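Architecture and fold: a report
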Amino acid sequence: MMSITGRSICMALAVALAALHGSDAFSATRTKSVAPSRNVFTSKPAKSSSNVVPLHQNWWPVALVNTLDENSPNAERLLNKDLVLWHDGEDWRCMDDMCAHRFAPLSEGRVFQSNDDTNSRRCLSCSYHGWEFDSQGSCTKIPQALDPAKAAKSARVVSYPVQIGAGIVWVWPDESSSPFAETVPLPISPMLQQWEKEYPQSAYQREIPYGYELLAENVIDMSHLPFSHHEVLSSRDNGVHLPFKMLSLDEKEKIWEKERSSIYSNATESDKVLPAYQVEIKQGEAQFSDPIFAYNLMGTNEADENSTSHLGFYPPSHIRYHRTPKSGLSSNTELFVCPQSAGKCRVIIFNPFEGGMKKLRIDATKSKNRFDFLSNIGQYLLRKVILKTYMGVNNHILTSNVFDGDNVFLALQGERLAKNRLDYTDYLVPTSADTLSKIFRKWLDLAADATRSTGCKQADNIVEAAVGVSLDGRSPYTAVPEQSKRELLDRYNSHTKSCPICSKAVSKLEKREKILNNFALPTFYGATGASLIASILSVSIESTSNSLPLKLIAKLSTRLLGSCLLMSVLSVLLKSRVEKSIQKFHYVEHRHQD
């Protein structure tokens, strides 16, 4: 049992970390968190002079739950740390991907039910020598020992706290501060809490061929949308001045209260997480300046003088756009970024909007109307028929189009920076459009300094994964010119392969293609050829005979030939369409010059 002194120290450290993450840390509710049972107090949560938290003492979004295999270990990487995610039958677990024996990867092992009658949970076994580990990382069996269970007591693999929120597996990748992880809430908006329950298929995850620092700097920049994503999200004509205003704490609170009080939200005050930095385009200007409002894709973002647009950064991993158009039905774009290693990261994105969600409360400001039932029927059909279908494959393909707009030149931007020995301080950023990008870069520098100040042995590796450059100046971006455009725009390996929605869709299409190749086309080609021969013979017979049956056969053969030719043409067109649909899950050529 922990002594009074020990409890006092833990409480003091918890208060310190909570203060670093924000004053609301203790009051925020969270999804179920699974922390290691063995708490190791090797270092205090570091506190920099700017109150910025070290990079590894945070919750990080690692992967969408639906991309993981519950029956096998899953290899993941976060901040240059190799991790293994696995399911013990009740909860997701995270450990170092390194066996305590000879450091073989546990992700190459297997998950199975333990023979221990006292433990109903599954264990993780290393495939090299069969060592077995429980859900806390403790070794439970060493087969080579005279007493396998007794020998195992001294062996252990480091494990880390895990939470599931918004369909994402979140990991706290620092064992020394893991007792305090539960004091830090996840940055999940009230809208996303509800949206993910209704449309889990809308979640999109992709591997990015450049680093966390360039991706975060990019997605936090609203001004690139009209140009990078011309005719996908906006138009070049909509690239104008962005009159950003940095918001105060009180103004952030008001935006949170607006989100919380929505009839589409059931969030409470205890769910509150405020952004560290947030800007707005003021009412009266947003309808002209925000490129999404100005373009009004699919007619869902029509704006007027009362429309508002906000953009916030929730360190270390979350960027959120919050827009309220003329209709009053707000929408978000919510991005979660995972730094895997220098020059490599992963992004998870949701696009929730109130118009597609079920009302959770009655709108007290709206009077009842006898035609409300028609509106309710329309909304039900929208949610259950239209959006349920669109938010799957179609939404994923559109999102792939969006990221294709950035992949090539951002990877090459990293290469230009490395080759010319430049960094972000050499940028020319004279306009307010770069406000949050500049703030993010300054925050990242402070977070890197705070990380190094912890004395963590892996501090340099952690920082390298986040900033994209090692201490000795080595950069992964020097290898970018060796990659083809097809590799940089690859969709299959970066998304489709691990996405249950898209992999299922492409599998169906490939089956159709196989049927067309192996049965339909040969059959119709054969029938067409046979009909052609029969028609020629029939015409020849008809010209030399006055027999009525032979003339009838000639006419039928000619008509059959026409039908077969038509079916053959339709089969070729169908095959072409199937091939083009399959291609959308693999690679699509993208040219900014068009």
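Here the residue index of a chain counts from 1 through its sequence in written order. Local features are withheld for residues below a pLDDT of 70 in this predicted model, meaning they are given only at 70 or higher, and side-chain atom pairs are given and counted only at 80 or more; totals for whole chains, interfaces and linings count all residues. Computation of side-chain values covers all heavy atoms of the structure but excludes hydrogens and water.

Two strands qualify as a pair provided that DSSP identifies no fewer than 2 bridges between them. Helix numbers and strand numbers start at the N terminus; a helix is a DSSP run of H or I with at least 4 residues, a strand a run of E with at least 2. Read across the sheet, four strands follow the order 3-4-5-10 without closing on themselves; strand pairing throughout is antiparallel. Looking at the sheet topology across the chains shown, the edges are occupied by strand 3 (74–78) and strand 10 (159–160). Sheet analysis places strand 3 next to strand 4 (residues 81–87), joined by five bridges and oriented antiparallel. Within the sheet, the bridge partner assigned to Ala-75 lies in strand 4 and is Val-84.

Paired through their backbone hydrogen bonds, the strands of a sheet run either parallel or antiparallel. In space, the four strands of this open sheet follow the order 6-7-8-9, with antiparallel pairing throughout. The sheet is open, and its two borders are formed by strand 6 (110–113) and strand 9 (139–141), each paired with just one other strand. Sheet topology places strand 6 next to strand 7 (residues 122–125); four bridges connect them, and they run antiparallel. Of the residues in strand 7, the one forming a bridge with Gln-113 is Arg-122.

Buried, partly exposed and exposed residues are distinguished by accessible area as a fraction of the type maximum, computed with a 1.4 Å probe on protein chains only: under 20%, between the cut-offs, and over 50%, respectively. The buried fraction of strand 5 (residues 92–96) is high, at five of five residues. Sheet topology note: the strand 4/strand 5 ladder contains five bridges and is antiparallel. In the sheet register, Leu-85 faces strand 5, and the bridge partner there is Cys-94. Taking the residues between adjacent antiparallel strands as the criterion, strand 4 and strand 5 are bridged by four residues, where Gly-89 takes a positive phi near 105°. For strand 5 and strand 10, the ladder comprises two bridges, and the chain directions are antiparallel. Residue pairing in the sheet places Met-95 in a bridge with Ser-159 of strand 10.

What follows is about the nonpolar core. Grouped together as the largest cluster of nonpolar side chains are 66 residues, with contacts concentrated most on Leu-55, Val-171, Tyr-212, Leu-215, Ile-319 and Trp-443. Among the elements that take part in this core, helix 11 (residues 435–452) stands out by supplying seven residues, more than any other. Only heavy atoms matter for contacts: two residues are in contact if any of them lie within 4.5 Å across the pair. In contact with Val-171, not counting residues within four places along its chain, are Asn-58, Trp-59, Trp-60, Val-62, Leu-78, Leu-83, Leu-85, Cys-94, Tyr-160, Pro-161 and Val-162. Residues enter a nonpolar core if they are buried and are Ala, Val, Leu, Ile, Met, Phe, Trp, Tyr or Cys, with the set joined through side-chain atoms within 4.5 Å.

One pair of aromatic rings is described through two measures. These are the centre distance and the angle between the planes. For Phe, Tyr and Trp, where Trp contributes only its six-membered ring, two rings pair if their centres lie within 6.5 Å, and the inter-plane angle classes them as stacked under 30 degrees, edge-to-face over 60, or tilted in between. Enumeration according to the criterion identifies 12 aromatic pairs in this entry. A ring pair is formed by Trp-170 and Phe-336, whose centres lie 5.7 Å apart and whose planes are at 85°; its orientation type is edge-to-face. Here Trp-170, found in strand 12 (residues 168–171), pairs with Phe-336, found in strand 18 (residues 331–341); they are 166 residues apart in sequence, far enough to count as distant. Here the aromatic rings of Tyr-212 and Phe-440 are separated by 5.8 Å at their centres, their planes lie at 70°, and the arrangement is edge-to-face.

This part covers a nonpolar patch on the surface. A cluster of nonpolar residues, Ile-377, Tyr-380, Leu-381, Val-385 and Ile-386, forms a patch on the protein surface that exposes about 480 Å² of accessible area. Here Leu-381 is to be found in helix 9 (residues 372–390). Exposure above 30% relative accessible area and no salt bridge define the residues that can form patches, which grow by joining like charges within 9 Å and nonpolar side chains of Val, Leu, Ile, Met, Phe, Trp and Tyr within 5 Å. Here, Shrake-Rupley sampling with a 1.4 Å probe gives the accessible areas, and only protein chains in the shown set may cover a residue. Any Lys or Arg side-chain nitrogen located within 4 Å of an Asp or Glu carboxyl oxygen qualifies as a salt bridge.

On inspection of all chains with the given rule, the structure shows 26 salt bridges. Between Asp-91 and Arg-93 there is a salt bridge, with its nearest N and O atoms 3.9 Å apart. The exposure class of Arg-93 is buried, given its relative accessible area of 6%.

Among the structural elements, Phe-103 can be located in the loop between strand 5 and strand 6. Overall, Phe-103 belongs to the exposed group, its relative accessible area being 54%. As for Phe-103 and Val-157, which are separated by 54 residues in sequence, their C-alpha atoms are 9.8 Å apart.

Glancing now at helix 11. Helices are assigned an expected span. That span is 1.5 Å times one less than the residue count. The first and last C-alpha atoms of helix 11 sit 26 Å apart over 18 residues, in line with the 26 Å expected at 1.5 Å per residue. Buried residues of helix 11: Leu-436, Ser-437, Ile-439, Phe-440, Arg-441, Trp-443, Leu-444, Ala-447, Ala-448, Ala-450 and Thr-451, and no others.

This next bit is on the packing of helix 4 (residues 212–219) against helix 11. Only the stretch in contact is used when a helix axis is fitted, and all axes are lines through C-alpha atoms; the angle between N-to-C directions ranges over 0 to 180 degrees. Running from N to C, helix 4 and helix 11 point in directions that differ by 150°, and their axes come no closer than 8 Å. The angle between helix 4 and helix 11 places the two elements in the roughly antiparallel class. Once helix 4 is placed against helix 11, the crossing between them reads as right-handed. Residues Tyr-212, Glu-213, Leu-214, Ala-216 and Glu-217 of helix 4 form the contact with helix 11, whose own contacting residues are Ser-437, Phe-440, Arg-441, Trp-443 and Leu-444. When residue character is reported, Ala, Val, Leu, Ile, Met, Phe, Trp, Tyr, Cys and Pro are called nonpolar, Asp, Glu, Lys and Arg charged, and the others, Gly included, polar. Tallied by class, residues from the contact of helix 4 with helix 11 come to six nonpolar, one polar and three charged. In these notes the angle categories are as follows: under 35 degrees is roughly parallel, over 145 is roughly antiparallel, 65 to 115 is roughly perpendicular, and the rest is oblique. Two helices cross in a left-handed way if the nearer one is turned anticlockwise from the farther one by less than a right angle. They cross in a right-handed way if the turn is clockwise.

For the rest of this paragraph, the subject is a positive patch on the surface. Residues scored as positive are Lys and Arg, those scored as negative are Asp and Glu, and His as well as the terminal groups of each chain are ignored. In this description, the location of a charge corresponds to atom NZ of lysine, CZ of arginine, CG of aspartate or CD of glutamate. Positive charge collects at one region of the surface, where Lys-504, Lys-508, Lys-511 and Arg-512 lie side by side. Of note, Lys-511 is situated in helix 14 (residues 500–544).

The next thing to look at is the confidence of the model for the chain. pLDDT is a per-residue confidence score from the predictor, ranging from 0 to 100. Averaged over the chain, the pLDDT score is 85; the fraction of residues at 70 or greater is 81%. Ignoring residues within four places in sequence, the model shows residues 1–20, a span with pLDDT below 50, making 27 contacts including any to other chains. Confidence drops under pLDDT 50 across residues 22–32; counting only partners more than four residues distant or on other chains, this segment forms 31 contacts.

Our next topic: the side chain of Arg-122. Mapped onto the elements of the fold, Arg-122 is located in strand 7. Glu-70 provides the closest opposite charge to the buried, salt-bridge-free Arg-122, at an N-O distance of 5.1 Å. Those residues within four positions of Arg-122 in sequence are excluded, and the remaining contacts are Glu-70, Asn-71, Trp-86, His-87, Asp-88, Gly-89, Val-111, Phe-112, Gln-113 and Ser-114.

Here Ala-100 shows up in the loop between strand 5 and strand 6. Between the C-alpha atom of Ala-100 and that of Val-157, which follows or precedes it by 57 residues, the distance is 5.8 Å. Among all residues touching Ala-100, those that are not within four sequence positions of it are Trp-131, Phe-133, Ala-155, Arg-156 and Val-157.

A word on the pairing of strand 15 (residues 277–281). Each regular strand carries side chains that alternate between the two faces of the sheet. Across the five residues that make up strand 15, a large majority, four, are buried. Both strand 14 (residues 244–246) and strand 15 contribute to a ladder of three bridges, which runs antiparallel. Paired with Lys-245 across the two strands is Glu-280, which belongs to strand 15. In this sheet, strand 16 (residues 308–314) lies alongside strand 15 in antiparallel orientation, the contact comprising five bridges. The residue bridging Glu-280 from the neighbouring strand is His-310, located in strand 16.

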